Amino acid sequence: MPIFNVHVTIENKPGISDPEGDTILNDLVLKGTQKSVSKIKTAKMLKFTIKEKDKKSAQSKVKEICDELRIYNPMVSKVTIDVFTN
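The structure contained in this document is the topic of the report that follows. Along each chain, numbering runs from 1 in the same order as the chain's sequence is written. Local features are withheld for residues below a pLDDT of 70 in this predicted model, meaning they are given only at 70 or higher, and side-chain atom pairs are given and counted only at 80 or more; totals for whole chains, interfaces and linings count all residues. Side-chain numbers here rest on the full set of heavy atoms in the structure, without hydrogens or water.

### Topic: the pattern of salt bridges
If the charged atoms of two oppositely charged side chains come close together, the side chains can form a pair. Applied cut-off: Should a side-chain nitrogen of Lys or Arg be within 4 Å of a carboxyl oxygen of Asp or Glu, the pair is scored as a salt bridge. Labels follow the DSSP assignment, with helices taken as runs of H or I lasting at least four residues and strands as runs of E lasting at least two, numbered in each case from the N terminus. Any residue under 20% of the maximum accessible area for its type is buried, any over 50% is exposed, and the rest in between are partly exposed; the area is computed with a 1.4 Å probe on protein chains only.
Counted according to the given criterion, the structure contains 3 salt bridges. With a shortest N-O distance of 3.8 Å, Glu11 and Lys78 are connected by a salt bridge. Residue Glu11 is located in strand E1 (residues 3-12), and its partner Lys78 is located in strand E3 (residues 77-85); the two are separated by 67 residues in the primary sequence. For Glu11, a relative accessible area of 19% puts it in the buried group. Lys63 is paired through a salt bridge with Asp67; the nearest N and O atoms lie 3.0 Å apart. In this pair, Lys63 and Asp67 both sit in helix H2 (residues 55-69), 4 residues apart, roughly one turn of the helix. We classify Lys63 as partly exposed; its relative accessible area is 37%.

### With respect to the side chain of Ser77
What counts, and what does not: In what follows, a contact means two residues having at least one pair of non-hydrogen atoms within 4.5 Å.
For Ser77, the location among the structural elements is in strand E3. Excluding residues within four positions of it along the chain, Ser77 makes contact with Ile10, Glu11, Lys13 and Tyr72.

### Focus on the sheet that holds E1
How we decide: A strand pair is defined by DSSP finding two or more bridges across the two strands. Axis definition: a line fitted to C-alpha atoms, limited for helices to the stretch in contact. Angles are taken between N-to-C directions and run from 0 to 180 degrees.
Reading across from one edge, E2-E1-E3 is the order of the 3 strands in this open sheet, with antiparallel pairing throughout. In this open sheet, the two edge strands, each paired with only one partner strand, are strand E2 (43-51) and E3. Neighbour-to-neighbour, the strand axes of the sheet open up by a mean angle of 20 degrees, direction not taken into account. Looking at chain direction, E1 and E2 are connected through 9 bridges and run antiparallel. Along E2, the bridge assignment pairs Ile3 with Lys51.

As structure tokens, then:
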């Protein structure tokens, strides 16, 4: 069975505050060195290595794991799952 690398990116949905991103942006503004940056959003990434029969199965299995463990809150989080061949 092939091995896949699966990246799960968890970020706040639009309209949900991101205090960490705001703090980083404020630090840049206070320093005055990076005036071209107008917004910063933070995210959490989980990296799985998994054996499955194909990419679709790998993606489904990792989603199932994340849902089972309640790794994110679907009310406030946007989740992106990307699968890569190892």
